[in-house]
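Below, each chain spelled out in residue letters.
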Amino acid sequence: MKDVKSKKPWPYWVGGILLGIINIIILFVTGKPWKITTAFLYIGAGFIELLGVDVKDWYYFNVYNNQLSLGKTFFNNELIVIIVAIIIGSFLSVLYHSEFKFKKIKSKRQFLAALIGGILMGYGTRLSFGCNIGAYFSAIPSFSVHGWVFGIFMFVGAWIGCKILFKYLL
Amino acid sequence: MAIYELDCMYEACPIPLLKVLKKLNDMKVGDILIIKTDHSCSIVNVVEWVEKQGHYIDYLETGEGEWEIYIEKAK
């Protein structure tokens, strides 16, 4: 029998401080704020480009800069490196704690809720230019007001979401 | 004293915490709630919240990445 008590997860404040330090390092090394969902945009756009569609003609990429540095492609840029590193890091961490397992889909309802939630989140991140990392966690340390606006409405959204979950979905 | 079970397997935040919150409302003082989960965040946020509410709580890792959380409603 393993000693279960020694495997207590880190408290939130330890993770928070570490994330803060890592965020500064990422900005220092790559010269760009850390973003997650913009990397998903790159992956999606990259695959569509592989199919032969010229996404650079799309309205979104004409109105908004795709933020890629010169010489970088959709599949080869800092943000992709970071998300691959996050996945490898999480994988090593669960292996180290022997907590790795394949998770199943519990029900059709969970699958649908996750799918619809994912689409809404993805669409929302393009309207707000980032998720809670890009538009919040990277924006506030840069003294940008949009991070605070995003933060306030993120909490409002989470509150409404919890109410809906509690009342109708559980 | 009744014993209830709550299946929170394959569910992520905030579902387990909200399910516990809802279930505790229906329970009487002294009742036991056993939660099965494979979400490591649950053994932090569920435990923290329940302790703050003043109930008794403990948990055990029953398998690799699987836990059982035990709650006794105290008030």
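In this numbering scheme, every chain counts its residues from 1 along its sequence in written order. Chains carry letters from A onward and ligands carry numbers from 1 onward, assigned in written order. Under the rules for a predicted model, residues below a pLDDT of 70 receive no local features and side-chain atom pairs below 80 are neither given nor counted, while totals for whole chains, interfaces and linings still include all residues. Side-chain descriptors were evaluated using all non-hydrogen atoms of the structure, hydrogens and water having been removed beforehand.

(A) A look at the sheet that holds strand β4 (residues 66-72) of chain B. All names here are of chain B. Strand pairing is assigned whenever DSSP detects at least two bridges linking the two strands. In this description a helix means any DSSP run of H or I spanning at least four residues, a strand means any run of E spanning at least two, and both kinds are numbered starting from the N terminus. With mixed pairing, the four strands of this open sheet are ordered in space as β1-β2-β4-β3. Of all the strands in the sheet, the pair left with one neighbour each is β1 (3-8) and β3 (56-63). Across the sheet, the axes of successive neighbouring strands diverge by a mean angle of 20°, strand direction being ignored. Note that β3 and β4 share seven bridges and pair antiparallel. By the bridge assignment, Y56 is partnered in β4 with E72. We call two residues contacting when some pair of their heavy atoms lies within 4.5 Å. Axis angles are defined between N-to-C directions and span 0 to 180 degrees, where every axis is a line fitted to C-alpha atoms and, for a helix, only to the segment in contact. Sitting on the sheet, helix α1 (residues 15-26) is in contact with β1, β2 (32-37) and β4, with an inclination near 160° to β1. Taken strand by strand, helix α2 (residues 42-53) contacts β2, β3 and β4, and its axis lies near 165° from that of β3.

(B) Structural detail: the interface of chain B and chain A. Every contact between the two is made by 28 residues of chain B and, on the other side, 20 residues of chain A. Any carboxyl oxygen of Asp or Glu that lies within 4 Å of a side-chain nitrogen of Lys or Arg is treated as forming a salt bridge with it. Measuring nitrogen to oxygen at the nearest pair gives 3.1 Å for the salt bridge that ties A:K101 to B:E66. Elements supplying a minimum of two residues to the side of chain B that touches chain A: β1, α1, α2, β3 and β4 of chain B. The leading source of residues in the side of chain B that touches chain A is α1(B), at six residues. The residue inventory of the side of chain B that touches chain A, partitioned by class, reads 13 nonpolar, five polar and 10 charged. Three residue categories are used. Nonpolar comprises Ala, Val, Leu, Ile, Met, Phe, Trp, Tyr, Cys and Pro, charged comprises Asp, Glu, Lys and Arg, and polar comprises the others, including Gly.

(C) Highlighting the packing of aromatic side chains. All names here are of chain A. Only Phe, Tyr and Trp rings take part, Trp by its six-membered ring, and two of them pair if their centres are within 6.5 Å. Stacked means planes under 30 degrees apart, edge-to-face means over 60, and tilted covers everything else. Scanning the entire structure with this criterion turns up nine aromatic pairs over all chains. Taking 6.2 Å as the distance between ring centres and 75° as the angle between the ring planes, the aromatic pair formed by W34 and F137 counts as edge-to-face. On the criterion of sequence distance, the pair formed by W34 in the loop between α1 (12-30) and α2 (37-50) and F137 in helix α6 (residues 133-137) is long-range, its members being 103 residues apart. Residues F91 and F100 carry aromatic rings whose centres are separated by 5.5 Å and whose planes lie at 90° to one another, so their mutual orientation is edge-to-face. Burial classes: relative accessible area under 20% of the type maximum marks a residue as buried, over 50% as exposed, and values in between as partly exposed (1.4 Å probe, protein chains only). With relative accessibility at 34%, the residue F100 sits in the partly exposed group. Ring pairing ties together the aromatic residues Y42, Y60, F61, Y64, F74 and F129, which thus form one cluster.

(D) Quick look at the packing of α1(B) against α2(B). All names here are of chain B. Their axes nearest at 9 Å, the elements α1 and α2 cross at an angle of 30°. Taken together, the axes of α1 and α2 are roughly parallel relative to one another. Judged by the sense of rotation from one axis to the other, the crossing of α1 with α2 is right-handed. Packed against α1, whose contacting residues are P16, L17, V20, L21 and L24, the element α2 presents S42, N45, V46, W49 and V50 at the interface. Roughly parallel here means an angle under 35 degrees, roughly antiparallel means over 145, roughly perpendicular means 65 to 115, and every remaining angle is called oblique. The handedness criterion is simple: a crossing whose near helix is rotated anticlockwise from the far helix by less than a right angle is left-handed, and one whose near helix is rotated clockwise is right-handed.

(E) Main features of the environment of A:G130. Residue and element names in this part refer to chain A. Mapped onto the elements, G130 comes out in the loop between α5 (108-128) and α6. Separated by 80 residues in sequence, G130 and L50 place their C-alpha atoms 24 Å apart. Apart from the residues within four sequence positions on either side, G130 is in contact with T37, T125, A135 and F150.

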